[in-house]
Amino acid sequence: MATKIRLQRAGRKSYAFYRIVIADARAPRDGRFTEKIGTYNPNTNPATVDLNFDRALYWVEVGAQPTDTVRNILSREGVYLMKHLKGGVKKGAFDEATAQKKFDAWKADKQKGLEKIAADVAKAKKDAEKQALEAEKKVNEAIAKNVAEKKAAAVAAPETEAPAEETPAEA
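We now turn to the structure provided with this report. Since this is a predicted model, take the numbers as computed values, not measurements.

Before going further, it helps to spend a moment on the overall build of the protein chain. Counting secondary structure elements, the protein chain contains four helices and five strands. Counting from the amino terminus, helix and strand elements in the protein chain follow one another as β-β-β-β-α-β-α-α-α. Taking 171 residues into account, the globule formula puts the C-alpha radius of gyration at 16 Å, and the protein chain, at 33 Å, lies well above it. Counting only C-alpha atoms and orienting by the principal axes, one finds that the protein chain spans roughly 115 × 40 × 20 Å. Expressed as a percentage of the 171 residues in the protein chain, the buried residues total 21%. Across the protein chain, every contact between residues at least 6 apart in sequence was considered, and the portion connecting residues at least 24 apart equals 35%. Approximately 12200 Å² of the protein chain is accessible, and the part contributed by carbon and sulfur atoms is 54%. Charge separation in the protein chain, taken as the distance between the mean sites of 32 positive and 25 negative side-chain charges, equals 15 Å.

All of the buried residues in helix 2 (residues 68-77) are Val70, Ile73 and Leu74. On an axial view of helix 2, the arc spanned by its buried residues comes to 95 degrees, and they lie on one face. Gly78 sits one or two residues past helix 2 and shows a positive phi near 95 degrees.

Another aspect to go through is the side chain of Gln8. Here Gln8 shows up in strand 1 (residues 3-12). With a relative accessible area of 5%, Gln8 lands in the buried category. Separated by 3.4 Å, the side chain of Gln8 and the backbone oxygen of Asp30 make a polar contact.

This part covers the sheet that holds strand 3 (residues 35-41). Spatially, five strands are ordered 4-3-2-1-5 in an open sheet, and the strand pairing comes out mixed. Of all strands in the sheet, those bounded by a partner on one side alone are strand 4 (48-51) and strand 5 (65-66). Pairing of strand 1 with strand 5, which is carried by two bridges, proceeds in the parallel orientation. Within the sheet, the bridge partner assigned to Lys4 lies in strand 5 and is Gln65. In the packing of helix 1 (residues 53-61) onto the sheet, contacts are made with strand 1, strand 2 (15-24), strand 3 and strand 4, and the angle to strand 3 comes to roughly 115 degrees. Running at roughly 95 degrees to strand 1, helix 2 makes contact with strand 1, strand 2, strand 3, strand 4 and strand 5 of the sheet.

Under the definition given, this model contains four aromatic pairs. Taken together, the ring pairs connect Phe53, Phe103 and Trp106 into an aromatic cluster. The aromatic ring of Tyr15 is capped on one face by Arg12, whose charged end is 4.6 Å from the ring centroid. Its guanidinium or amino end placed over the ring of Phe94, Lys102 lies 4.4 Å from that ring's centre, counting from NZ or CZ.

By the secondary structure assignment, Glu35 is in strand 3. For Glu35, a relative accessible area of 18% translates into the label buried. A polar contact of 2.9 Å, which involves the side chain of Glu35, links it to the side chain of Arg55.

Here we take up the nonpolar core. By size, the foremost hydrophobic cluster in this structure holds 20 residues, and its most contacted members are Ile5, Ile20, Ile37, Leu51, Leu74 and Val79. Elements with a contribution of two residues or more to this core: strand 1, strand 2, strand 3, helix 1, helix 2, helix 3 (79-91) and helix 4 (96-165). Looking at this core, the element that brings in the most residues is helix 1, giving four residues. Leaving out residues up to four positions away in the same chain, Ile20 has contacts with Ile5, Arg6, Leu7, Glu35, Lys36, Ile37, Gly38, Thr39, Tyr40, Leu51, Val70 and Ile73.

Reading the values: the criteria
- Residues numbered from 1 in each chain as written.
- Predicted model: local features only at pLDDT ≥ 70, side-chain atom pairs only at ≥ 80, totals over all residues.
- Heavy atoms only, no water.
- Helix = DSSP H or I, 4+ residues; strand = E, 2+ residues; numbered from the N terminus.
- Rg over C-alpha atoms; globule rule 2.2 N^0.38 Å.
- Buried < 20%, exposed > 50% of the residue type's maximum accessible area, 1.4 Å probe, protein only.
- Contact = heavy atoms within 4.5 Å.
- Areas by Shrake-Rupley, 256 points an atom, 1.4 Å probe, with all protein chains shown as cover.
- Lys, Arg positive; Asp, Glu negative; His and termini not counted.
- Charge placed at Lys NZ, Arg CZ, Asp CG, Glu CD.
- Arc of directions from axis to C-beta.
- Polar contact = N/O pair within 3.5 Å; in protein donor to acceptor, adjacent residues only side chain to side chain.
- Pairing = 2+ DSSP bridges.
- Axes fitted to C-alpha atoms, helices over the stretch in contact; angles between N-to-C directions.
- Phe/Tyr/Trp six-rings, centres within 6.5 Å; stacked < 30°, edge-to-face > 60°.
- Lys NZ or Arg CZ within 6 Å of the ring centre and 35° of its normal.
- Core = buried A, V, L, I, M, F, W, Y, C linked by side-chain atoms within 4.5 Å.

Written out as C-alpha coordinates, the structure reads:
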(Lines give C-alpha, C1' and ligand atoms only; values in the text may rest on other atoms or scores of the structure.)
Protein backbone atom coordinates (compact mmCIF):
# COMPACT_ATOMS: atom_id res chain seq x y z
CA MET A 1 0.00 0.00 0.00
CA ALA A 2 1.42 3.38 -1.01
CA THR A 3 0.91 5.61 2.02
CA LYS A 4 0.74 9.38 1.75
CA ILE A 5 0.80 12.10 4.37
CA ARG A 6 -1.52 14.77 3.06
CA LEU A 7 -4.03 17.48 3.88
CA GLN A 8 -7.74 16.84 4.21
CA ARG A 9 -9.79 20.00 3.68
CA ALA A 10 -12.41 21.14 6.17
CA GLY A 11 -13.92 24.48 7.10
CA ARG A 12 -16.33 26.71 5.30
CA LYS A 13 -16.11 28.37 1.91
CA SER A 14 -13.17 30.81 1.63
CA TYR A 15 -11.95 29.77 5.11
CA ALA A 16 -10.04 26.52 4.71
CA PHE A 17 -8.94 24.43 7.65
CA TYR A 18 -6.96 21.25 7.10
CA ARG A 19 -6.36 17.98 8.91
CA ILE A 20 -3.00 16.32 8.38
CA VAL A 21 -3.78 12.66 7.71
CA ILE A 22 -2.14 9.40 6.74
CA ALA A 23 -4.04 7.92 3.79
CA ASP A 24 -3.73 5.38 1.03
CA ALA A 25 -2.60 7.13 -2.16
CA ARG A 26 -5.66 5.78 -4.01
CA ALA A 27 -8.17 7.25 -1.52
CA PRO A 28 -9.89 10.54 -2.43
CA ARG A 29 -8.66 13.80 -0.86
CA ASP A 30 -11.43 14.11 1.72
CA GLY A 31 -12.13 10.40 1.86
CA ARG A 32 -10.93 7.47 3.91
CA PHE A 33 -7.74 7.84 5.92
CA THR A 34 -5.66 5.65 8.23
CA GLU A 35 -4.77 8.12 10.96
CA LYS A 36 -5.11 11.82 11.77
CA ILE A 37 -1.81 13.23 13.01
CA GLY A 38 -2.57 16.93 13.23
CA THR A 39 -4.25 20.06 11.97
CA TYR A 40 -3.15 23.06 9.90
CA ASN A 41 -4.87 26.45 9.95
CA PRO A 42 -3.47 28.83 7.30
CA ASN A 43 -5.93 31.60 8.28
CA THR A 44 -3.90 32.80 11.27
CA ASN A 45 -0.70 34.83 11.17
CA PRO A 46 1.59 32.90 11.41
CA ALA A 47 -0.22 29.72 10.33
CA THR A 48 -1.17 27.44 13.23
CA VAL A 49 0.00 23.84 13.17
CA ASP A 50 -1.02 21.29 15.80
CA LEU A 51 0.97 18.12 15.13
CA ASN A 52 1.43 14.81 16.93
CA PHE A 53 5.20 14.91 16.51
CA ASP A 54 5.92 11.29 17.49
CA ARG A 55 3.35 9.83 15.08
CA ALA A 56 4.49 12.11 12.26
CA LEU A 57 8.09 11.03 12.85
CA TYR A 58 7.05 7.37 12.90
CA TRP A 59 5.21 7.64 9.57
CA VAL A 60 8.09 9.51 7.91
CA GLU A 61 10.54 6.87 9.16
CA VAL A 62 8.47 3.97 7.81
CA GLY A 63 8.33 5.59 4.38
CA ALA A 64 5.05 7.49 4.07
CA GLN A 65 5.42 10.08 1.31
CA PRO A 66 4.19 13.60 2.19
CA THR A 67 2.75 16.02 -0.32
CA ASP A 68 4.74 19.19 -0.99
CA THR A 69 2.74 21.32 1.46
CA VAL A 70 2.87 18.68 4.18
CA ARG A 71 6.61 18.25 3.62
CA ASN A 72 7.06 21.99 4.25
CA ILE A 73 4.90 21.80 7.38
CA LEU A 74 6.80 18.79 8.73
CA SER A 75 10.10 20.46 7.94
CA ARG A 76 9.09 23.63 9.80
CA GLU A 77 7.97 21.56 12.78
CA GLY A 78 11.32 19.74 12.87
CA VAL A 79 10.21 16.22 11.93
CA TYR A 80 12.80 15.94 9.18
CA LEU A 81 15.53 17.37 11.40
CA MET A 82 14.78 14.75 14.05
CA LYS A 83 14.80 12.01 11.39
CA HIS A 84 18.19 13.28 10.25
CA LEU A 85 19.52 13.36 13.81
CA LYS A 86 18.23 9.84 14.50
CA GLY A 87 20.04 8.69 11.38
CA GLY A 88 23.23 10.20 12.80
CA VAL A 89 22.68 8.35 16.07
CA LYS A 90 22.20 5.04 14.21
CA LYS A 91 25.44 5.61 12.30
CA GLY A 92 27.30 6.44 15.51
CA ALA A 93 28.12 10.06 14.62
CA PHE A 94 26.84 11.21 18.03
CA ASP A 95 24.74 9.91 20.88
CA GLU A 96 21.03 10.33 21.64
CA ALA A 97 21.59 13.10 24.24
CA THR A 98 23.59 15.20 21.77
CA ALA A 99 20.90 14.73 19.14
CA GLN A 100 18.20 15.82 21.58
CA LYS A 101 20.29 18.83 22.64
CA LYS A 102 20.73 19.90 19.00
CA PHE A 103 17.01 19.51 18.37
CA ASP A 104 16.09 21.50 21.49
CA ALA A 105 18.48 24.31 20.48
CA TRP A 106 16.91 24.41 17.01
CA LYS A 107 13.40 24.43 18.47
CA ALA A 108 14.27 27.28 20.88
CA ASP A 109 15.73 29.34 18.03
CA LYS A 110 12.63 28.66 15.94
CA GLN A 111 10.38 29.73 18.83
CA LYS A 112 12.30 33.01 19.20
CA GLY A 113 11.76 33.71 15.52
CA LEU A 114 8.02 33.07 15.80
CA GLU A 115 7.77 35.32 18.88
CA LYS A 116 9.62 38.06 17.01
CA ILE A 117 7.20 37.80 14.09
CA ALA A 118 4.22 37.95 16.46
CA ALA A 119 5.73 40.99 18.24
CA ASP A 120 6.33 42.75 14.90
CA VAL A 121 2.73 42.11 13.84
CA ALA A 122 1.43 43.43 17.17
CA LYS A 123 3.65 46.53 16.91
CA ALA A 124 2.49 47.20 13.35
CA LYS A 125 -1.12 46.90 14.45
CA LYS A 126 -0.54 49.27 17.38
CA ASP A 127 1.20 51.81 15.09
CA ALA A 128 -1.67 51.61 12.59
CA GLU A 129 -4.19 52.26 15.38
CA LYS A 130 -2.12 55.23 16.59
CA GLN A 131 -1.97 56.71 13.08
CA ALA A 132 -5.71 56.21 12.63
CA LEU A 133 -6.34 57.99 15.94
CA GLU A 134 -4.11 60.92 14.88
CA ALA A 135 -5.93 61.18 11.54
CA GLU A 136 -9.28 61.12 13.34
CA LYS A 137 -8.11 63.87 15.70
CA LYS A 138 -7.11 66.05 12.72
CA VAL A 139 -10.49 65.50 11.07
CA ASN A 140 -12.29 66.33 14.33
CA GLU A 141 -10.24 69.51 14.74
CA ALA A 142 -11.10 70.58 11.18
CA ILE A 143 -14.79 69.91 11.82
CA ALA A 144 -14.67 71.84 15.10
CA LYS A 145 -12.97 74.76 13.32
CA ASN A 146 -15.66 74.81 10.61
CA VAL A 147 -18.42 74.70 13.22
CA ALA A 148 -16.81 77.56 15.16
CA GLU A 149 -16.54 79.63 11.96
CA LYS A 150 -20.20 78.99 11.14
CA LYS A 151 -21.26 79.95 14.67
CA ALA A 152 -19.18 83.14 14.47
CA ALA A 153 -20.69 83.92 11.07
CA ALA A 154 -24.18 83.24 12.42
CA VAL A 155 -23.61 85.58 15.37
CA ALA A 156 -22.17 88.31 13.09
CA ALA A 157 -24.86 87.93 10.39
CA PRO A 158 -27.94 88.89 12.45
CA GLU A 159 -26.21 92.05 13.65
CA THR A 160 -25.65 93.24 10.08
CA GLU A 161 -29.01 92.05 8.76
CA ALA A 162 -31.14 93.22 11.70
CA PRO A 163 -31.30 96.94 10.71
CA ALA A 164 -32.27 96.01 7.17
CA GLU A 165 -35.22 93.95 8.37
CA GLU A 166 -36.49 96.62 10.72
CA THR A 167 -36.96 99.30 8.07
CA PRO A 168 -40.67 100.23 7.79
CA ALA A 169 -40.43 100.93 4.05
CA GLU A 170 -40.21 97.26 3.19
CA ALA A 171 -43.15 96.27 5.36
